[in-house]
Amino acid sequence: MDLTERDGLHIWHPYTQHKTSKPPIAIVKGQGALLWDDSNKEYIDAIASWWVNPFGHSNPIIADAIYKQLTTLEHVLFGGFTHEPAVVLSERLINIIPTNQNKIFFSDNGSTAVEVAIKVALQYFFNKGEKKTTLIAFENAFHGDTFAAMAASGISFYTQAFEGMFIDVVRIPVPVKGEEENSFKALAQAIKNNNCAAFIFEPLVLGAAGMVMYDHLELDKLIGICKESNVLTIADEVMTGFGKTGKTFACDYLVTQPDMMCLSKALTGGTIPMAITTFTDELFNAFYSDDINKALFHGHTFTANPTGCAAALASLTLLETEEMQTNIARVNQSHLAFEKHIKDHPKVTTTRVLGVIFALEIKKDSQASYYGTLRNKLYDFFIENGVILRPVGNIVYILPPYIIEDDQLQKIYSVVENALDIV
């Protein structure tokens, strides 16, 4: 049996209906922006393997940092212990995250980073003797698959099996162009009518919703409304963090900063699962007490794994190089040129670009559901042509590794344009 057949015997894949889906592609090697399957077919990884791999597959600098750490200390429990990679990583992050953030909590992935933030928001008020039990989130947001993160998410088919089991969430419109005032009013109304603990949001770009983009000025206003009403704010930067939007963090576009940030995905350059939730001193101090019951009783076995910290430190070093910042700007300019070329195509409704993120919306038809016929037809076409893209319904997005070569980008654009002929 080949690798795909052996996979089918025992493995349950994410976001997959195994009865109707095609067998998975067996990948055996990666280098830079390229992947190869077990038949030696080459693919361009045009979405950085779910947005985690900005510096290329098999990056030697990250690999060397991981190897050196493994030969010194691969892991140690973080309850009652610490180690240099975690301390150094916290120091490095504090220097680049918004200045109001001063405490760092480690976990395993984007969902758990969000879970930690939500638990802190709820317990913060509990510790102060207040009862606030409701969250505010954007319509069609996606924050993860653990229970609180799933509750805050608004994509119904992900969550419909669990309706009635969640904490309370009020959803407001995203302040896209033309919806700004509706969003502001909905937020104010939600705060007025509920005991709201926190507003959680993906800053500037809603990823799984189809790279929906909105302006930082509108987000500043929403955060301001929350601050006036003593509602905490949580920036889910799991997707947008570490350069995706053209700045290190999407929150770097803001004047008013959130109370918490959630980081993961590109944190370790796509090598080792790790996540971080950051907090203001005010939040931390609400848990700092002689009363043991006011502590944050949350943890993960692999919290602050030293090897993951070493990978993250190497990734930060790469991100901060002039070469990588030039790459981000180069990809952005390339996206803008393609947008100018494709935006008036008769089958394209809208296009949008922010940083290394490009998205276009194909004119809708009855097949344009999230995992519908149109999406599957596009996905198959991209794979046949050696490009890994995962359309969201009728929305095609590109979010490549920063190190992608110009000719590889041009092939992606060409394949996307050719795909419009089959819809």
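Above this text you will find the structure in question.
The model shown is predicted, which means the values in this text are computed figures rather than measured ones.

Caption draft 1: Broad picture of the overall build of the chain. Of the regular secondary structure elements, the chain holds 14 helices and 16 strands. The C-alpha atoms of the chain give a radius of gyration of 21 Å, which matches the 22 Å a tight globule of 423 residues would have. For the chain, the C-alpha atoms occupy an extent of roughly 65 × 55 × 45 Å along the three principal directions. Looking at the chain as a whole, 53% of its 423 residues are labelled buried. Partitioning the intrachain contacts of the chain with sequence separation of at least 6 by distance along the chain shows that 70% fall at a separation of at least 24. Taken as a whole, the chain presents about 19,200 Å² of accessible surface, with 53% of it coming from carbon and sulfur.

Caption draft 2: Representation of the sheet that holds strand 1 (residues 27-31) within the structure. Strand order in this open sheet of four strands is 1-2-3-15, and the pairing throughout is mixed. Each edge of the sheet is formed by a strand with only one pairing partner; in this case those strands are strand 1 and strand 15 (387-388). Pairing of strand 1 with strand 2 (residues 34-37), which is carried by four bridges, proceeds in the antiparallel orientation. Bridged to Lys29 within strand 2 is Trp36.

Caption draft 3: Local environment of the packing of helix 8 (residues 180-193) against helix 9 (residues 216-228). As a packed pair, helix 8 and helix 9 sit with axes 10 Å apart at the nearest point and diverge in direction by 15°. Overall, the two elements helix 8 and helix 9 adopt an arrangement that is roughly parallel. As helix 8 runs across helix 9, the sense of the crossing is right-handed. Along the contact surface, helix 8 presents Glu180, Ser183, Phe184, Leu187 and Ile191, while helix 9 presents Glu218, Lys221, Leu222, Ile225 and Cys226. Tallied by class, the residues present in the contact of helix 8 with helix 9 amount to six nonpolar, one polar and three charged.

Caption draft 4: Structural view of the nonpolar core. Ranked by internal contacts, the top residues of the largest apolar core, which has 100 residues, are Leu89, Phe138, Leu389 and Ile412. No other element matches helix 11 (residues 306-319), which puts eight residues into this core. Excluding residues within four positions of it along the chain, Leu89 makes contact with Phe106, Met274, Ile276, Cys309, Ala312, Leu313 and Leu316. Among the nonpolar cores identified, the runner-up in size contains 28 residues, and Ala152, Ile200, Ile234 and Ala275 belong to it.

Caption draft 5: Layout of the environment of Ser39. Relative to the helices and strands, Ser39 resides in the loop between strand 2 and strand 3 (42-45). What makes Ser39 exposed here is its relative accessible area of 60%. When the C-alpha atoms of Ser39 and Ile25 are compared, they prove to be 9.8 Å apart, with 14 residues separating the residues in sequence.

Caption draft 6: Structural context of the packing of aromatic side chains. Scanning the model with the defined rule gives 15 aromatic pairs in all. Each ring, one from Phe138 and one from Tyr214, has its centre 5.4 Å from the other, and the planes form 75°; the classification is edge-to-face. Pair noted here: Phe138 is in strand 5 (residues 134-138) and Tyr214 is in the loop between strand 9 (212-213) and helix 9, with a separation of 76 residues, a long-range link. You'll find Phe138 and Tyr214 in the same group, each marked buried. Each ring, one from Phe199 and one from Phe201, has its centre 5.1 Å from the other, and the planes form 40°; the classification is tilted. What makes Phe199 buried here is its relative accessible area of 0%.

Caption draft 7: Region of interest: the layout of surface pockets. In this structure, the largest pocket encloses a volume near 1,700 Å³. Considering the residues around the largest pocket, the lining is formed by 40 residues, among which Pro14, Thr16, Pro24, Tyr379 and Arg390 are closest to the centre. Secondary structure elements with two or more residues in the lining of the largest pocket: helix 1 (3-10), strand 3, helix 2 (48-51), helix 7 (156-159) and helix 13 (373-384). The element best represented in the lining of the largest pocket is helix 13, accounting for six residues. Of the residues in the lining of the largest pocket, the class split is 21 nonpolar, eleven polar and eight charged.

Caption draft 8: Here's a closer look at the packing of helix 12 (residues 322-342) against helix 14 (residues 406-419). Contact geometry for helix 12 and helix 14: axes closest at 11 Å, N-to-C directions at 25°. The angle between helix 12 and helix 14 falls in the class roughly parallel. Crossing of helix 12 over helix 14 shows right-handed handedness. In this structure, helix 12 uses Arg330, Val331, Ser334, His335, Phe338, His341 and Ile342 to contact helix 14, whose residues at the interface are Asp406, Leu409, Gln410, Tyr413, Val416 and Glu417. Here the contact of helix 12 with helix 14 is built from residues that sort into six nonpolar, four polar and three charged.

Caption draft 9: Just helix 3 (residues 60-70), in detail. Among all positions in helix 3, only Ile62, Ile66 and Gln69 are buried. Along the long axis of helix 3, the arc covered by the buried residues comes to 65°, so they all point the same way. More than 90 degrees from the buried face of helix 3, the exposed residues found are Pro60 and Tyr67. Elements in contact with the buried residues of helix 3: helix 4 (84-94) and helix 11. Taking the backbone nitrogen of Ile61 as reference, a side-chain oxygen 3.0 Å away marks Asn59 as the first, capping residue of helix 3.

Caption draft 10: Representation of unusual backbone geometry within the structure. Not every positive phi belongs to a glycine, and Tyr15 is a case in point at roughly 50°. Within the secondary structure, Tyr15 sits in the loop between helix 1 and strand 1. Located in the positive-phi region is Asn140, a residue other than glycine, with phi close to 65°. Counting through the fold element by element, Asn140 comes out in the loop between strand 5 and helix 6 (147-152).

Caption draft 11: Structural view of the pairing of strand 11 (residues 260-263). The alternating pattern of strand 11 places Met260 and Cys262 on one face and Met261 and Leu263 on the opposite face, and all of these are buried. In this structure, strand 10 (residues 232-236) lies alongside strand 11, joined through three bridges in parallel fashion. Opposite Asp236, over in strand 11, you have Cys262 as the bridge partner. Inspection of the sheet shows strand 11 paired to strand 12 (residues 275-279) by four bridges, in the antiparallel sense.

Quick notes on the rules
- Residues numbered from 1 in each chain as written.
- Predicted model: local features only at pLDDT ≥ 70, side-chain atom pairs only at ≥ 80, totals over all residues.
- Heavy atoms only, no water.
- Helix = DSSP H or I, 4+ residues; strand = E, 2+ residues; numbered from the N terminus.
- Rg over C-alpha atoms; globule rule 2.2 N^0.38 Å.
- Buried < 20%, exposed > 50% of the residue type's maximum accessible area, 1.4 Å probe, protein only.
- Contact = heavy atoms within 4.5 Å.
- Areas by Shrake-Rupley, 256 points an atom, 1.4 Å probe, with all protein chains shown as cover.
- Pairing = 2+ DSSP bridges.
- Axes fitted to C-alpha atoms, helices over the stretch in contact; angles between N-to-C directions.
- Parallel < 35°, antiparallel > 145°, perpendicular 65-115°, else oblique.
- Left-handed = near helix turned anticlockwise from the far one by under 90°.
- Nonpolar A, V, L, I, M, F, W, Y, C, P; charged D, E, K, R; others polar.
- Core = buried A, V, L, I, M, F, W, Y, C linked by side-chain atoms within 4.5 Å.
- Phe/Tyr/Trp six-rings, centres within 6.5 Å; stacked < 30°, edge-to-face > 60°.
- 1 Å grid on protein atoms, 1.4 Å probe; cavity = no way out; pocket = protein on both sides within 12 Å on 5 of 7 lines; lining within 4 Å.
- Points joined across faces, edges and corners; volume = space filled by probe spheres on them.
- Arc of directions from axis to C-beta.
- Polar contact = N/O pair within 3.5 Å; in protein donor to acceptor, adjacent residues only side chain to side chain.

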